[in-house]
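# Structural description and commentary
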Amino acid sequence: AGAFGNFQFMPTTIKNYALDYNNDDLIDLKSTEDSFASAANYINKLGWKKNNPCFYKIKLKENIPTKYLNTSAKKIKNKKKLKYFKKYIKNFDSISENTSSLVAIVTPDKEIVDNAEKLSPAYLVFENYELILKWNRSLRFALAVCTLKDEFKNVL
């Protein structure tokens, strides 16, 4: 389909966001330095909020209406203020986020995630998570990128 490099950038993405991070006069999207710097530049330009979370893993109560469970990345639906979901989340008190942004609940597709159940695993997702979906419309891709971001220091 024309995608290239470690992060499968399309030609227009390369043109607009790729960086020569190691200053060797070559943008090499198969090199770790240039590809990671370019990926960080890309999500930064999309509007990444550095100190905001992507998601929290949550435990859902049985009383949650299924309409609040997103299993598709086509469009995250039924976003609400965080406080609205309090009555449906068992571990709500462990969520330390005071946010005015809308959040949603994601439960990965049972056909893709081994041992998944209707309510587990479940994630409360924020704006940064949806931003990753602009890059790749996969719930699993967004979870992977957001998990990886927590492993880096002073980045993203």
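The structure contained in this document is the topic of the report that follows. As the structure is a computational prediction, the values presented were derived from the model and not from experiment.

One finds Ile43, Phe55, Val125, Tyr129, Ile132 and Trp135 to be the most contacted residues of the largest nonpolar core, which totals 25 residues. Mapped by element, the contributors of at least two residues to this core are helix H2 (32-46), strand E4 (102-106), strand E5 (122-125), helix H3 (127-135) and helix H4 (139-149).

This next bit is on the side chain of aspartate 34. Along the polypeptide, aspartate 34 turns up in helix H2. At 3.0 Å, the side chain of aspartate 34 forms a polar contact with the backbone nitrogen of aspartate 28. With near-sequence residues (within four places) excluded, aspartate 34 lies in contact with Leu19, Asp20, Tyr21, Asn22, Asp24, Leu26, Ile27, Asp28 and Leu29.

Before going further, it helps to spend a moment on a positive patch on the surface. Together, Lys57, Lys59, Lys61, Lys83, Lys86 and Lys90 line one region of the surface with positive charge. Locating lysine 57 in the fold gives a position in strand E1 (residues 55-58). Classification of lysine 57 as exposed rests on a relative accessible area of 53%.

Conventions adopted
Residues numbered from 1 in each chain as written. Predicted model: local features only at pLDDT ≥ 70, side-chain atom pairs only at ≥ 80, totals over all residues. Heavy atoms only, no water. Core = buried A, V, L, I, M, F, W, Y, C linked by side-chain atoms within 4.5 Å. Buried < 20%, exposed > 50% of the residue type's maximum accessible area, 1.4 Å probe, protein only. Helix = DSSP H or I, 4+ residues; strand = E, 2+ residues; numbered from the N terminus. Polar contact = N/O pair within 3.5 Å; in protein donor to acceptor, adjacent residues only side chain to side chain. Contact = heavy atoms within 4.5 Å. Patch = residues over 30% accessible without salt bridge, like charges linked within 9 Å, V, L, I, M, F, W, Y side chains within 5 Å. Areas by Shrake-Rupley, 256 points an atom, 1.4 Å probe, with all protein chains shown as cover. Salt bridge = Lys/Arg side-chain N within 4 Å of Asp/Glu carboxyl O. Lys, Arg positive; Asp, Glu negative; His and termini not counted. Charge placed at Lys NZ, Arg CZ, Asp CG, Glu CD.

By themselves, these are just geometric observations and shouldn't be taken as functional.
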